[in-house]
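Coordinate inspection notes
Read off the chains here:
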Amino acid sequence: MSISKTLRRLLMAAGLALPLAGCNTILLNAPGDVARQQGNLIIVSTLLMLIIIVPVISLTLFFAWRYRASNTRATYKPDWDHSLQLELVIWACPLLIIIALGAITWITTHTLDPYRPLDRIAENKPVPAGVEPLEVQVVSLDWKWLFVYPEQGIATVNELAAPVDRPIRFKLTSSTVMNAFYVPALAGMIYTMPGMQTELNAVISDAGEYEGFSSNYSGAGFSGMRFRFHALDEAGFDRWVQQVRGGDRLDRDAYLELEKPSEREPVRHFGNVEEGLYDAILNRCVDPRRMCMHEMMAIDAGKGPGRTGIEGLEARNRGDLRGRPYVQSAMCAAGDAPAAGLNTSLSRLAP
């Protein structure tokens with residue numbers, strides 16, 4: 001092979017590799033401890049699988065070349081059909097890889113359980129004594145993100161911030177359809193579902209600005225459902241909180257207006273949040289004229305409201321395979337006068 005041809009091939013290979021230089025490898029080198037451990041798991045799993053993949057591909061190419069039709073020097077054994085040594089190698093190596101992958105997956109599945117409180121903020125760096133997690137309540141809307149900070153009494157739309165080296169406990173739900181909360185620098189994605197709460201524990205180690213988004217398709221405005229995550233030092237986080245406190249009040253009426261579908265919503269700040277708003281969102285009763293899910297389940301569990309002999313459960317239609325009675329709707333006492341607007345007061349029935 002001539003030198004010029006070799007150089008051309010090397011230049012072509014370099015040209016093909018050049019676009020990879022702009023790739024963001026944050027997934028495999030994340031500043032968050034949980035995300036970094038997940039990235040290490042990907043690398044270790046890939047290397048273990050390459051122990052099998054590389055030899056198989058190499059031998060496949062070698063056999064195709066070695067035993068090609070034009071190679072008359074290759075040994076021809078038409079009656080050969082078995083080799084105990086080859087069988088042991090072919091089956092034992094993949095089995096050992098599967099055992100190793102299974103052990104690693106079992107350990108990391110429990111260690112990186114998103115519901116498990118953190119016991120460290122970095123490798124060989126446990127959570128300092130007396131440090132409590134920062135709680136952030138997350139609601140996925142159509143098509144935007146709402147973040148509520150109950151400790152600070154504030155909320156934001158499409159903007160998230162947290163101090164470095166302090167554990168963060170996310171509690172997540174959705175207003176309508178299922179979404180997936182994902183900040184690659186922080187931790188793996190976790191789903192949000194209406195009427196249900198998921199949890200994610202994570203920590204960020206390096207100050208900076210990172211991207212967050214929804215990784216589960218949720219309709220027309222999905223592509224614009226992104227937000228910025230600011231990792232700040234303690235002083236920077238305190239300044240950010242003070243800045244947010246200059247925003248409007250987020251009460252039930254404001255939330256119901258915010259909940260309406262909108263695309264590419266700009267960042268918004270709410271300096272005051274009505275108490276119990278997140279629980280009302282979770283139980284799907286921000287509008288007080290609707291019965292909360294936990295109240296409905298309490299009635300169901302108690303087999304009726306137990307108030308003045310009124311039976312609160314409806315029998316299912318004949319042939320309904322679900323069988324058990326159900327709560328058809330909220331119940332009102334005779335003295336409950338209707339009122340206009342969201343200030344309507346329902347009599348909550350004790351289980």
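Model, not experiment: these values are computed from the prediction. (Residues numbered from 1 in each chain as written. Predicted model: local features only at pLDDT ≥ 70, side-chain atom pairs only at ≥ 80, totals over all residues. Heavy atoms only, no water.)

**Here we look at the overall build of the protein chain**
To keep it simple, the criterion reads: The helix and strand labels rest on DSSP assignments: H or I over at least four residues marks a helix, E over at least two residues marks a strand, and numbering proceeds from the N terminus. The cut-offs for exposure are 20% and 50% of the maximum accessible area for each residue type, with area from a 1.4 Å probe on protein chains only; residues under the lower value are buried, those over the upper are exposed, and the others partly exposed. It only takes one pair of heavy atoms within 4.5 Å for two residues to be counted as in contact. In short, Shrake-Rupley with a 1.4 Å probe defines the accessible areas, and a residue's cover is counted only from the protein chains shown.
Each helix and strand in the protein chain was counted, giving seven helices and 14 strands. Expressed as a percentage of its 351 residues, the buried residues of the protein chain come to 36%. In the protein chain, 64% of the contacts between residues at least 6 apart in sequence involve partners at least 24 apart. As displayed, the protein chain has an accessible area near 21,400 Å², and 60% of this comes from carbon and sulfur atoms.

**A closer look at the pattern of salt bridges**
Applicable threshold: Salt bridges are defined by distance alone: a side-chain nitrogen of Lys or Arg within 4 Å of a carboxyl oxygen of Asp or Glu.
On inspection of all chains with the given rule, the structure shows 13 salt bridges. Residue Arg252 pairs with Glu274 through a salt bridge whose shortest N-O separation is 3.4 Å. Here Glu274 lies in the loop between strand S14 (268-273) and helix H6 (277-282) and Arg252 lies in helix H5 (residues 252-258), a separation of 22 residues in the sequence. Given a relative accessible area of 22%, Glu274 falls into the partly exposed group. One salt-bridge network, held together by shared partners, links Asp33, Arg36 and Arg120.

**Quick word on the sheet that holds strand S11 (residues 208-214)**
To be explicit about the condition: Between any two strands, at least two bridges found by DSSP are needed for them to pair. Orientation is described by axes fitted as lines to C-alpha atoms, over the contacting stretch for helices, and by angles from 0 to 180 degrees between their N-to-C directions.
Taken together, five strands build an open sheet; the order of strands is S6-S12-S11-S8-S9 and the sheet is mixed. Looking at which strands have only one partner, the edges of the open sheet turn out to be strand S6 (159-163) and strand S9 (187-192). On average, each strand axis in the sheet is tilted by 20° relative to the strand beside it, whichever way the strands run. With five bridges joining them, S6 and strand S12 (residues 226-232) adopt parallel strand pairing. Paired with Leu160 across the bridge in S12 is Phe229. Helix H4 (residues 234-244) rests against S6 and S12 of the sheet, and its axis sits at about 145° to S6.

**Description of the state of the cysteines**
What counts here: In what follows, a disulfide is any cysteine sulfur pair within 2.5 Å.
Going through the model one piece at a time under the given rule, you end up with one disulfide. The partner cysteine of Cys285 in its disulfide is Cys292, sulfur to sulfur 1.9 Å. In this structure the cystine formed by Cys285 and Cys292 twists about its S-S bond by roughly 85°; its chirality is therefore right-handed. Given the relative accessible area of 2%, Cys285 is considered buried. Look at Cys292 and you get buried, because its relative accessible area is 9%.

**Structural notes on the confidence of the model for the protein chain**
Convention followed: Values of pLDDT, which run from 0 to 100, indicate the predictor's confidence residue by residue.
Predicted confidence across the protein chain gives a mean pLDDT of 84, with 79% of residues reaching 70 or more. Counting contacts from residues 338-351, a segment whose pLDDT is below 50, to residues more than four positions away or on other chains yields 30 contacts.

**Describing the sheet that holds strand S3 (residues 134-141)**
Spatially, seven strands are ordered S10-S7-S3-S4-S5-S14-S13 in an open sheet, and the strand pairing comes out mixed. Unpaired on one side and paired on the other, strand S10 (198-202) and strand S13 (248-250) mark the two borders of the sheet. Taken over all neighbouring pairs, the strand axes of this sheet differ in orientation by 30° on average, direction set aside. Bridge count for S3 against strand S7 (residues 168-174) is seven bridges, and the pairing is parallel. The partner of Glu135 across the bridge, within S7, is Arg169. Each of S3, strand S4 (144-149), strand S5 (154-157) and S14 is contacted by H4, which is oriented at about 85° to S5, the strand it contacts most.

**Some remarks on the nonpolar core**
We count it as follows: Here the nonpolar core consists of buried residues drawn from Ala, Val, Leu, Ile, Met, Phe, Trp, Tyr and Cys, with membership extended through side-chain atoms lying within 4.5 Å.
Counting 35 residues, the largest nonpolar core has Val136, Phe147, Tyr149, Leu160, Phe170, Phe181 and Phe229 as its most contacted members. The element contributing the most residues to this core is H4, with four residues. Residues in contact with Phe147, not counting those within four places in the same chain, are Val136, Gln137, Val138, Ile154, Ala155, Thr156, Asn158, Glu159, Leu160, Phe181 and Phe227. By size, the runner-up hydrophobic cluster in this structure holds 18 residues, among which are Leu146, Val148, Leu258 and Phe270.

**Describing a nonpolar patch on the surface**
The condition that has to hold: In this scheme, patches are assembled from residues that exceed 30% relative accessible area and form no salt bridge. Like charges are connected within 9 Å, while nonpolar side chains (Val, Leu, Ile, Met, Phe, Trp, Tyr) are connected within 5 Å.
A grouping of Leu27, Leu28, Ile42, Ile43, Leu47, Met49, Leu50, Ile53, Val54, Ile57 and Leu61 is seen on the molecular surface, where their side chains present a nonpolar patch of about 930 Å² in accessible area. Note that Val54 resides in helix H2 (residues 33-66).

**Observations concerning the environment of Ile190**
Along the chain, Ile190 turns up in strand S9. Separated by 24 residues in the primary sequence, Ile190 and Ser214 have C-alpha atoms spaced 9.6 Å apart. Setting aside anything within four residues of it in sequence, one finds Ile190 in contact with Pro114, Leu172, Asn179, Ala180, Phe181, Thr198, Glu199 and Leu200.

**Brief notes about the side chain of Asn283**
Quick reminder of the rule: Any N or O atom pair separated by 3.5 Å or less is treated as a polar contact, with the protein-specific requirement of one donor-capable and one acceptor-capable atom, and with residues adjacent in sequence counted only for side-chain atom pairs.
With respect to the secondary-structure elements, Asn283 resides in the loop between H6 and helix H7 (293-301). Residue Asn283 is classed as buried on the basis of its relative accessible area, which comes to 13%. Side chain to side chain, Asn283 and His294 meet in a polar contact 3.1 Å long. Non-local contacts of Asn283, meaning those with residues more than four positions away in its chain, are made with Met291, Cys292, Met293 and His294.

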